[in-house]
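Structural features, examined
Now for the letters of each chain:
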Amino acid sequence: MKFLHMIPPSSRTMGSMVEMIEEYFPEGEHQFYSTKRIPVADKLSEKEIYTMTGQNRFAKAGNVMKALSEADHIIWHGLFYPDRFMLFLFTCRRFLRKSTWVIWGLDLHSWKDEKKTLRSRLVNFINDRVRAAFKTAVVVFPTDKEVYESRYKGKCFVAPYPMSAEAFGRMEGRRHALPRANGKIFVQVAHNSYPFNHHLDVIETISHFDTEKTHYIFPMSYGNEKTWPGHIQGYEKEVVDLARDLFGQRAHFLKKLISKEAYNDFLWNMDIAIFPANRQNGVGNIIKLLYMGNKVFLSRDNPVYGYFKSQGIEIGAFESLEELTEEEFLQMPDSTVARQWVIDHYHPLSAARAWDQLFSCFTDASPLLRELEGVQPEVVMDENYAYPRKKNYLCLLPYYSRSVPVTCNRVCLMGADNFAIRWAGNIRRSLPRYVPAGFISDTVETLNDKIGALDVIGTTGQLLALADDQRIVATIEDPKERARFIDYLEENEIDVDPILSASSWVWPDAEVGEGSLVGPGSIVQFGTNLGRGVLIEDSYLGVCCTVGDCVTVMSGCRIGDGVTLGEGATIGPNVIIEDGAIIEPYTVVTR
């Protein structure tokens, strides 16, 4: 038996599903195919994912026809295809007769074009008939089964997309964190910019809870596309204008997609999330928020609200927000029941058992799952993510600023004293190549807006987790402590590549040691070698200099040619050192 999974080209949506199938089901039984090219950076599997290839449209059509014909059973993960492809499926019913439709939210609730044109009516008819032709279907959340069965006659299964065991381990670590030390509250409003999320109603409703400590985050990286049937012209601008008017700079609008792990970190750092759509929407967000102990509000008209209530999960009603006091609004729920429910449904082993109900209709049940009968899913906490508190600061600039790319380097600075703060300024001046992501400190919990929003985001215990998508720089004033910290980073295989500001100039053959930072305006001439952990701030270093490990050169210095700066030396601001001079290790030069 060969199953062919027709999938979108995204590890964000399909990665954990592909991993689950590869882990629990016989090798070679399942193949994956995408009609769109899969980006190299978005690798879904170590094994081959097939794509529609060919020199022209006819060759590509032949490629997909061959793949569909050779499959024993086809599983369509969503029906988000162009009209011409849906017409192809409409005319090739033989493929649909051996197919299963896996239904996503928009796929079931919002696919119809509400325009009254002849073309819209024809497109709607074709889409409806394709959906009706499936003999089997899968909904990823229980409440959609009733909706499907009220419209179509296929046999319907409930089988969620899993979260990876790794994701569970990280969520388990994060869920025990205490509130952030600076007292700020982060509120998420929906998870995309579709108008059915009623952003304007949410903004008006929660404005009476507003304080200077409350920040509002609006993920709006997709939704309300001009091609979407329910498109409303100018909707996003209306949302931004109202939120800015009421909340000022404490309203943040995420215009770019966030990587999967960074988004999980983002969800954990929310305190409250509001999803006022009247149908199943954003379940992937909601279950993670609930697992990690955050407060979630849904519309009472959303069947998901009633379902969670029936399962004993603490969930708030959007319609009741106006009746709540500020204390009630901020009261966090008990997540014990929600956590177990998520494990029972979304752990890879739990999800594999649900999917096996579908697969075993066409082939033998999974031998591995038979061996694991009676085994309960286990969650192993990832200690690297056992944060003592939520992060005081979220580095969201790359996701809402047009001038800062998502690919920019986020830099965490070790220390939270005046020395580290000074170097944070150098990182900030290095935009758009680098952006400060926050401070790491074991002694200071918060800077309390001392330098704006930038704040402490963790301790050395979280370094391995922070290093997932961020650079670490040892902005420690004591050179011996700095050296020990760099050793620690290297021992734990944490990236200590040097940081070179975009406005600095380093001669191509100059060597820059690991963990070094060459700040804005600095010049390092040819033949000069910098050791590990060197910090240079807006200064000039001449030709053929030798700079030892953990040297600090403050702003405005001019270091002559052939100078030797011994290990751990500190050169104060505006110092001029003559050609050929030798500065002994750990010397402090102030003039």
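A brief look at the structure comes next. Not measured: the values here are computed from a predicted model.

When helices and strands are tallied, the chain shows 21 helices and 34 strands. For 591 residues, the compact-globule estimate of 2.2 N^0.38 gives 25 Å, and the C-alpha radius of gyration of the chain, at 28 Å, lies within 12% of that figure. Counting only C-alpha atoms, the chain reaches 85 × 60 × 55 Å along its principal axes. In the chain, which comprises 591 residues, the share counted as buried stands at 56%. Counting contacts in the chain only where the partners sit at least 6 residues apart, residues at least 24 apart contribute 61% of the total. A total accessible area of about 26,000 Å² is found for the chain, and carbon and sulfur atoms account for 50% of it. For the chain, the centre of its 64 positive side-chain charges and the centre of its 76 negative side-chain charges are spaced 10 Å apart.

Here the structure, examined in full by the defined rule, presents 36 aromatic pairs. Look at Phe 25 and Phe 359: their rings are 5.1 Å apart centre to centre, the planes differ by 85 degrees, and that puts the pair in the edge-to-face class. Of this pair, Phe 25 sits in the loop between helix 1 (11-24) and strand 2 (30-34) while Phe 359 sits in helix 16 (residues 348-359); the two residues are 334 residues apart in sequence, bridging distant segments of the chain. With centroids separated by 4.6 Å and ring planes inclined at 25 degrees, the aromatic side chains of Tyr 81 and Phe 85 adopt a geometry described as stacked. Given the relative accessible area of 14%, Tyr 81 is considered buried. Sitting above the plane of the Trp 111 ring, Arg 131 keeps its charged end 4.4 Å from the centroid. Here the guanidinium or amino end of Arg 180 rests over the ring plane of Phe 186, the centre of that ring lying 4.0 Å away.

Once that is clear, we can look at the environment of Pro 195. Inspection of the secondary structure puts Pro 195 in the loop between strand 8 (185-189) and helix 9 (199-206). On the basis of relative accessible area, Pro 195 is assigned to the buried category, the value being 11%. Linking Pro 195 and Asn 224, residues 29 residues apart in sequence, is a C-alpha distance of 6.8 Å. For Pro 195, the residues in contact, after removing those within four places along its chain, are Asn 224, Trp 228, Gly 230, Ile 232 and Tyr 235.

What follows is about unusual backbone geometry. Residue Pro 432 follows Leu 431 across a cis peptide bond; omega there is 5 degrees. The topology assignment puts Pro 432 in the loop between helix 19 (418-428) and strand 15 (434-440). Phi is positive for Ala 190, close to 60 degrees, though the residue is something other than glycine. Relative to the assigned elements, Ala 190 resides in the loop between strand 8 and helix 9. Judged by relative accessible area, Ala 190 falls into the buried class, the value being 0%. Not every positive phi belongs to a glycine, and Asn 224 is a case in point at roughly 60 degrees. By secondary structure assignment, the location of Asn 224 is in the loop between strand 9 (214-219) and helix 10 (235-247).

It is worth spelling out the sheet that holds strand 9 at this point. Spatially, six strands are ordered 10-9-8-11-12-13 in an open sheet, and the strand pairing comes out parallel. Of all strands in the sheet, those with a lone pairing partner are strand 10 (251-254) and strand 13 (316-317), marking the two edges. Of the strand pairs in this sheet, strand 11 (residues 272-275) and strand 12 (residues 295-298) are connected by four bridges, and their pairing is parallel. Bridged to Phe 275 within strand 12 is Leu 298.

Note on soluble globular proteins: their nonpolar side chains tend to be buried together. Phe 308 and Phe 439 are the most contacted members of the largest nonpolar core, which has 87 residues in total. Tyr 81, Ile 126, Val 130 and Ala 137 belong to the second-largest nonpolar core, a separate cluster that totals 32 residues.

Rules behind the numbers
Positions within a chain are numbered from 1, following the residues in the order the chain's sequence is written. In view of the model being predicted, local features appear only for residues whose pLDDT reaches at least 70, and side-chain atom pairs are presented and counted only at 80 or more, with totals across whole chains, interfaces and linings using the full set of residues. Think of the side-chain values as coming from all heavy atoms in the structure, minus any hydrogens and water. Helical segments are the DSSP runs of H or I of at least four residues, strand segments are the runs of E of at least two, and each set is numbered from the N terminus. Atoms counted for the radius of gyration: C-alpha only. Globule rule: 2.2 Å times residue count to the power 0.38. When accessible area is computed with a 1.4 Å probe and restricted to protein chains, residues below 20% of their type maximum are described as buried, those above 50% as exposed, and intermediate ones as partly exposed. In this analysis, two residues are considered to be in contact whenever any of their non-hydrogen atoms come within 4.5 Å of each other. Here the open area of atoms and residues is found with the Shrake-Rupley method and a 1.4 Å probe, where only the protein chains shown may cover a residue. For the charge count, each Lys or Arg is scored as positive and each Asp or Glu as negative, with His and the chain ends excluded. Throughout, a charge is located at the NZ atom of Lys, the CZ atom of Arg, the CG atom of Asp or the CD atom of Glu. The aromatic pairing rule takes the rings of Phe, Tyr and Trp, using the six-membered ring of Trp, and pairs them if the centres are within 6.5 Å, calling planes under 30 degrees apart stacked, those over 60 edge-to-face and the rest tilted. Geometrically, a charge over a ring is one whose NZ (Lys) or CZ (Arg) sits within 6 Å of the ring centre while staying within 35 degrees of the ring normal. Strand pairing is assigned whenever DSSP detects at least two bridges linking the two strands. Throughout this description, the term nonpolar core refers to a set of buried Ala, Val, Leu, Ile, Met, Phe, Trp, Tyr and Cys residues connected via side-chain atoms within 4.5 Å.

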